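Residues per chain, in single letters:
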Amino acid sequence: AWSTYGENIAKMKSALCWLLTTRGIPQLYYGEEVLMPGVTYPNDGYVRKDFPGGWIGDKQNKFLISDRSPQENEIWKLISTLANYRKYSKALSIGQLIQYVPMDGIYVYFRQYESEKIMVIMNTNDNSKNIQFDRFSDQIKNTANCKNLLTDEIITTPKELQLNPWETHVFLLIPKK
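Keep in mind it's a predicted model, so treat the numbers as computed, not measured.

**Q** Could you clarify how one ought to interpret the packing of aromatic side chains in this entry?
**A** Geometry of an aromatic ring pair is reported as the spacing of the ring centres plus the angle between the planes. For the coordinates displayed, the defined rule picks out five aromatic pairs. Measuring from centroid to centroid gives 4.8 Å for Y100 and F136, while their planes differ by 90 degrees, and the two rings are edge-to-face. Taken together, the positions of Y100 in the loop between β1 (96-99) and β2 (106-113) and F136 in the loop between β4 (129-132) and α5 (137-140) put the pair 36 residues apart, joining distant regions of the chain. Ring plane angle 40 degrees and centroid distance 5.0 Å describe the contact between Y107 and Y109, whose orientation is recorded as tilted. Residue Y109 is classed as buried on the basis of its relative accessible area, which comes to 0%. Following the ring pairs from residue to residue traces out a cluster consisting of Y100, F110, F133 and F136. For the cation-ring pair, R68 lies above W76, with the distance from its terminal atom to the ring centre recorded as 3.9 Å.

Structural data, given as structure tokens:
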């Protein structure tokens with residue numbers, strides 16, 4: 001995917017959030033977690049080079065934080081966080097998908113299994129957008145707080161949210177008691 005999105009880290013992060021929170025089994029090429037580019041020309045053997053690190057003589061070891069760039073660490077952390085959460089989340093692994101029709105480049109969907117509910121909000125625009133939560137009231141009506149799964153921040157369920165270009169939020173909805 002990195003070669004598809006070029007240098008736009010925000011688009012890459014949105015694509016990975018979608019991949020790791022939607023239905024199905026997420027598949028990544030090795031090296032995606034450190035932004036390794038890949039091409040299929042002249043054949044698929046060029047999709048990925050050898051992973052940098054882990055072998056004697058490697059100049060860099062991308063398994064180490066110190067050998068990764070800030071952007072590589074950002075993607076590594078996002079994949080690690082969502083993939084590890086997904087391992088234990090029934091909502092993300094086998095839960096129901098509830099989608100809302102995208103409006104003005106904003107895509108919102110929920111994943112739910114029993115009382116666990118995840119809300120994913122994506123801005124697929126090249127400019128900032130404000131989103132009103134009243135459209136999703138049937139899904140959030142019994143929610144007191146939201147935990148941002150990417151930052152661990154807990155916030156009161158908002159009535160609206162300002163989204164940066166290509167920004168994605170993944171919230172665990174915390175029910176009212």
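Having put the structure on the table, let's press on.
**Q** Looking at this structure, I do not really get the environment of L150. What am I missing?
**A** Topologically, L150 is positioned in the loop between β5 (143-148) and β6 (154-156). Distance from L150 to G57, taken between C-alpha atoms, is 35 Å for residues 93 residues apart in sequence. Setting aside residues up to four positions removed in sequence, L150 forms contacts with C17, K77, L78, T81, L82, T168 and V170.

**Q** In this structure, what is going on with the pairing of β1? I would like to understand it.
**A** For a regular strand, side chains alternate in direction, first toward one face of the sheet and then toward the other. Both β1 and β2 contribute to a ladder of four bridges, which runs antiparallel. By the bridge assignment, I98 is partnered in β2 with F110. Counting the residues that bridge the hairpin from β1 to β2 gives six residues, and of these D104 lies at a positive phi of roughly 55 degrees.

**Q** Just checking my understanding: could you explain the pairing of strand β8 (residues 168-175) for this structure?
**A** The buried fraction of β8 is high, at six of eight residues. Judged from the five bridges that link them, strand β3 (residues 116-123) and β8 form a sheet pairing that is antiparallel. Looking at the pairing, I118 lines up with L172 of β8. Both β5 and β8 contribute to a ladder of five bridges, which runs antiparallel. Counted as the bridge partner of K147 is L172 from β8.

Criteria and cut-off values
Every chain begins its residue count from 1, and numbering advances along the sequence as written. Local features in a predicted model are, by the rule used here, given only for residues with pLDDT of at least 70; side-chain atom pairs are given and counted only at 80 or more, and totals for whole chains, interfaces and linings are based on all residues. Only heavy atoms go into the side-chain values, all of them from the structure, while hydrogens and water stay out. Note on aromatic pairs: the rings of Phe, Tyr and Trp (six-membered ring only in Trp) are paired at centre separations within 6.5 Å, and the planes decide the class, stacked below 30 degrees, edge-to-face beyond 60, tilted for the rest. Helix and strand labels come from DSSP, where a helix needs a run of H or I of at least four residues and a strand needs a run of E of at least two; each type is numbered from the N terminus. Only protein chains enter the area calculation, which uses a 1.4 Å probe; residues under 20% of their type maximum are buried, those over 50% are exposed, and those in between are partly exposed. Our definition puts a charge over a ring when NZ of Lys or CZ of Arg is within 6 Å of the ring centre and also within 35 degrees of the ring normal. Any pair of residues with heavy atoms lying within 4.5 Å of one another is described as a contacting pair. DSSP calls a pair of strands paired once it identifies at least 2 bridges connecting them.

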